[in-house]
Amino acid sequence: MSLHRPLSQLLAACRRKKRRVEVSLETATGFQSRTFCSTSSETEPLEIHKKKVLLWFSHRPREEKQFGGHFRETMDVDPLIWERKAEERAGPLSSPIQTGSSPSVTVEQLFEPTDTWSDGRGLNVLLYGAVGTGKSTLVRKVVRDWCIGKSLNQFKLLVPFSCEDLGSESKVASLRDLVSRKYLHLKQHPLLSGKGNQAKDVLFIFNGMEKMNLDFRIGATELCSDPNVPLLPDVVMVNLLRKYLLPEASILVSTRLSALDCIPQKYVSRYAQISGFSDPGRQRAYFSSRLLQQSGATPQNHSLVELLYLNLQRESQLGAACFLPSYCWLTCATLHLLHFTDTDAPVRTLSGLYTSFLRLNFGGEVLGTGAGTNVPIQERNASLMLYVVRTVGKLAFDGVTNRRRVFSEKELEQWIGGETKTNEELRQLTMFRTDVLDFFLAPIVESDLYLAEEAIGNDKRRYVFAVPAMQDYLAALYVVLGENKSALEKLTSQVSVAIGQASEDVNKVVDVISIFIPRRIFAVFNILKLFPKLYEKISSVNKGSIAKTMASELFRRYNNDVLDQVEQSLLGVHGPQQKQRSEGQPFELYPIFMGGLLHYENRVLLQQLGCSIQSNTVGQITKALGKYLVREINKPQPPEELMDLLVLLYEFQNPRVTAEVLASIRAIKLPNIRMTPLKCFVLGSVLSCTPPSYHLEEMDLSSCLLDLNMLKMLRPSFRHTRRLNLQSNSLGPESCVVLRDLLLDPLSSIGSLQLCDNPLLESGACVLLEALPENQSLTHLSLMHTGLGDQAALHVAQRLQQHKGLLELNVAYNNIGDDAALALVDACREHPSLHTVHLYLNPLSDVGKRSLYARGVPKSQGGRLVKVLASVTEGTDVSEDWHPILGVIRKNASSWDRQRVKEQLEVFLRDLHWGRQQQQSFWKRLHFRRVEKDVRKALQQLEKEAPPPPPAPSR
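This report concerns the structure included in the present document.

Rules used in this analysis
Residues numbered from 1 in each chain as written. Predicted model: local features only at pLDDT ≥ 70, side-chain atom pairs only at ≥ 80, totals over all residues. Heavy atoms only, no water. Helix = DSSP H or I, 4+ residues; strand = E, 2+ residues; numbered from the N terminus. Expected span 1.5 Å × (residues − 1). Buried < 20%, exposed > 50% of the residue type's maximum accessible area, 1.4 Å probe, protein only. Phe/Tyr/Trp six-rings, centres within 6.5 Å; stacked < 30°, edge-to-face > 60°. Lys NZ or Arg CZ within 6 Å of the ring centre and 35° of its normal. Salt bridge = Lys/Arg side-chain N within 4 Å of Asp/Glu carboxyl O. Core = buried A, V, L, I, M, F, W, Y, C linked by side-chain atoms within 4.5 Å. Contact = heavy atoms within 4.5 Å. Pairing = 2+ DSSP bridges. Axes fitted to C-alpha atoms, helices over the stretch in contact; angles between N-to-C directions.

1. Brief notes about helix H26 (residues 639-652)
Moving on, step 1. The terminal C-alpha atoms of H26 lie 20 Å apart, and with 14 residues this matches the ideal 20 Å at 1.5 Å per residue to within 8%.
Moving on, step 2. Counting buried residues along H26, 13 of its 14 residues qualify, which places the element largely inside the surrounding structure.

2. Side note on the packing of aromatic side chains
Aromatic rings in a pair are described by how distant their centres are and how their planes are angled relative to each other.
Moving on, step 1. Applying the stated rule across the entire model yields 21 aromatic pairs.
Moving on, step 2. Relative to Phe155, the ring of Phe111 has its centre 5.7 Å away and its plane inclined at 85 degrees; by these criteria the two rings are edge-to-face. On the criterion of sequence distance, the pair formed by Phe111 in the loop between helix H3 (107-110) and strand S2 (124-128) and Phe155 in the loop between helix H4 (135-147) and strand S3 (157-162) is long-range, its members being 44 residues apart.
Moving on, step 3. Geometrically, the ring pair formed by Phe357 and Phe439 is stacked, given 5.8 Å between the ring centres and 15 degrees between the ring planes. Here Phe357 is found in helix H12 (residues 350-362), whereas its partner Phe439 is found in helix H17 (residues 437-440), with 82 residues between them in sequence.
Moving on, step 4. The class for Phe439 is buried, based on a relative accessible area of 1%.
Moving on, step 5. Members of the aromatic cluster, connected to one another through ring pairs, are Tyr327, Trp329, Phe357, Phe362, Phe439 and Phe440.
Moving on, step 6. Here Lys627 stacks its cationic end above the ring of Tyr628, 5.3 Å away from the centre of that ring.

3. Section: the pattern of salt bridges
Moving on, step 1. Taken as a whole, this structure holds 29 salt bridges when the rule is applied.
Moving on, step 2. Close ionic contact of Asp561 with Lys679 constitutes a salt bridge, the shortest N to O distance being 3.0 Å. Of this pair, Asp561 sits in the loop between helix H21 (530-554) and helix H22 (562-571) while Lys679 sits in helix H28 (residues 677-687); the two residues are 118 residues apart in sequence, bridging distant segments of the chain.
Moving on, step 3. Under the relative-accessibility criterion, Asp561 is labelled buried at 2%.
Moving on, step 4. On the basis of relative accessibility, which here comes to 1%, the residue Lys679 falls in the buried class.
Moving on, step 5. Among the ionic pairs, Glu698 bridges to Arg723, the shortest N-O distance being 3.3 Å. Placement of the pair is Glu698 in strand S13 (residues 696-700) and Arg723 in strand S14 (residues 721-725), with a sequence separation of 25 residues.

4. Brief notes about the nonpolar core
Moving on, step 1. The biggest cluster of nonpolar side chains holds 170 residues, and the ones touching the most others in it are Tyr327, Phe440, Met470 and Leu839.
Moving on, step 2. In contact with Tyr327, other than residues within four places in its own chain, are Ala321, Cys322, Phe357, Phe439, Phe440, Ala466, Val467 and Met470.
Moving on, step 3. Residues Tyr128, Val179, Phe216 and Cys224 belong to the second largest nonpolar core, which totals 68 residues.

5. Overview of the sheet that holds strand S19 (residues 867-869)
Moving on, step 1. Spatial strand order, S12-S13-S14-S15-S16-S17-S18-S19: eight strands in an open sheet with parallel pairing. Lying at the two open borders of the sheet, with one neighbouring strand each, are strand S12 (667-669) and S19. Each neighbouring strand pair of the sheet contributes to a mean axis angle of 10 degrees, computed without reference to strand direction.
Moving on, step 2. Both strand S17 (residues 808-810) and strand S18 (residues 836-838) contribute to a ladder of three bridges, which runs parallel. Directly across from Asn810, in S18, lies its bridge partner His838.

6. A look at the sheet that holds strand S9 (residues 407-408)
The strands making up a sheet associate through backbone hydrogen bonding, with each pair oriented either parallel or antiparallel.
Moving on, step 1. Across the sheet, which stays open at both edges, the three strands sit in the order S9-S11-S10 with antiparallel pairing between neighbours. Sheet topology places S9 and strand S10 (441-443) at the edges, where each strand pairs with a single neighbour.
Moving on, step 2. Bridge count for S10 against strand S11 (residues 462-465) is three bridges, and the pairing is antiparallel. Its bridge partner lying in S11, Ala442 is registered against Val464.

Structure, rendered in structure tokens:
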């Protein structure tokens, strides 16, 4: 203890002495010591700045959750950037970007010193491009790369600003206060003091300059070189660009084409045009990063990217659209929705995807007016998206009404800006045409022959929507926003508002005068109250017509369901193409988008875009839609149209209306529909809206390319079904685990289960049969052509006694021999209810087949005679079921082993020939010959449809 105290006193004395030495050194050396201390004090705020800015700019838009909820930075692909001369900085965006003789550049190369700006001044780089070319994404990536030391390391400080944020500022503030207001840790930082040339290490980034009103006139914007003087944000920015304020600092400004001339040419050291993904290589890199990194590099995903890339290489319309990274995002998001939907992901709809796409590109965008105009304040910031709907949406609606997708230049002039009158409207139209119009419309690709057939007159330039589905979406949005009002409805709306306001004043006057004059004299004024009711009546009729249009457009009977049409527009059509009907272009997405836009979440997003869908409009359309859908669904519908109905109900996201429509449906038959994870999710979501008491009589999903994952998604939906048909889906043994659990589910009511033409094999059948002891609902089980052998047949024979409700068993076209077949038939005869067993097309000998029919007496008392279908004959007679047996063979011969079917048909002919010889009756012999004739026809048809033999090898 005594030793510890002197040591502590000695250490304290050393610290005091060291502190006195540091003070004396600081006094003596002065400048050098202060430089060292200031450097250490500067480093800490800069590191804090990098961490905070990196955290802020790492936040992705919620639309990126379309790719699974998390994002990897390697998914970003840099767009092409071309350095432009001042005279070539503006060019038509509708034509492919001219690359010129100069190569593409990087952002770092843009800040290399130039000959004209080598006098110590920082560089002003103006980065411009159209909507959707990736300006904001590139700025975000530049900031993030600087924070992690990947690029622009020559700058110690990077200060990013949003011009949308600065444009909303109305209070004056100095440059240093403006920076500290956004980034508190940079308050009074010496790099922004303006002393010496410290500002050479600073880079300012202003994103979205078109959202500010910059005025470079000396009389309008004062000159100021002091970063501590309070000014309006636009004045601060102008002085920075003039190089009057912090002239050593460098500046990167991003803007659209319409604002390109807002900065005088003398204040710009470099012009750089961002041209998106104008080469297929960058497009492919983008698609691979989004679809393979996120969803896994499986062979199926690789083939998906390859099909997409092949479609882009064909110079298709999609390739022209994917020049804009925004449409690459939309393409990836759509494919992700179509192919990677699962039950764990949140509910996403196609209409919600397109609404999110527009919110991503136009969220908060306004069609502002110039400063100093006489336009009212409430009209200065009109919604840009609403302007799009009233112009481009009107064009889209006209195309849908007249069933065409190609438009002439004259029609563009007619529908977009044809009614402009004032100078301000003309200015807005010019801005819209420069920045936005090319985002939605593109010149037709001449190699696209399908669209070229829709040529209009002799116009040299013809336009289509960049993505066909965008026309359907904008037309649907144009309708649900009420922009397609008839002249009568517009007139009654105006009259109703005017008279509704006037009637209140008239009623007050009448109440006063009625004290002196009888009130019945003024009864005529009650007519005024009828006008609002008349308007409501006309409006409800219009909403009813919208619902009727949705139903009629949905059931137009085109060849493919609407989700397949969307996929073909992205991946192209490979193989022989189906002939379209003569009704014109399909617009089945149009009614589906109309239903999806009425969903609450879409209406919230549209409200953010300045497009409000009234609640009473939703209620009126919903009420009428349910009635029209029930009327249409009661008519016989092909599987494709039924699938479209399910998609509409899914997009609508209204459980009450879905339950009302499904109440009139007792069978969902979707044979030959190519099921995908999304379609399975749609079917499951729609059926989940029904009450527990709801049951389907039949669900037919034969030949739908179902796999194990889809089967798991559909399992809750199967519980609603009494007859389930899963024939020809390539379901393997592992699928039997799902089916077994389905049969063991106490809520399941499946009575008939058809698993024909699935490679279940003996292992899968044994797993499936484990459900028989506890299942009480199954009455018909079909395991035809499932790869069963003798062991599986014997296992079935053992399990049959544990299930008392089975009525019919089909194990035809397997590998069951004589002994196993006899044991199975014996077990069936001992069964209390089973009356029919199918054994045809099995390798049974003639003796074995005769033995099956000879065993007419059951083994135990109380046994029954079971109908055994092993051939078209029963002993010496023709089987009563010969016609159904031949019908099954004809129906499935194209997918079965042709040689084996041919051999079995020849066995049928031998059986018929032998049976005919045993008959003495002329009429029975004639019946045998008629059956033989039908069997020979089936054999000839099989040989006719057989593929040609391969050519013999040359010597």
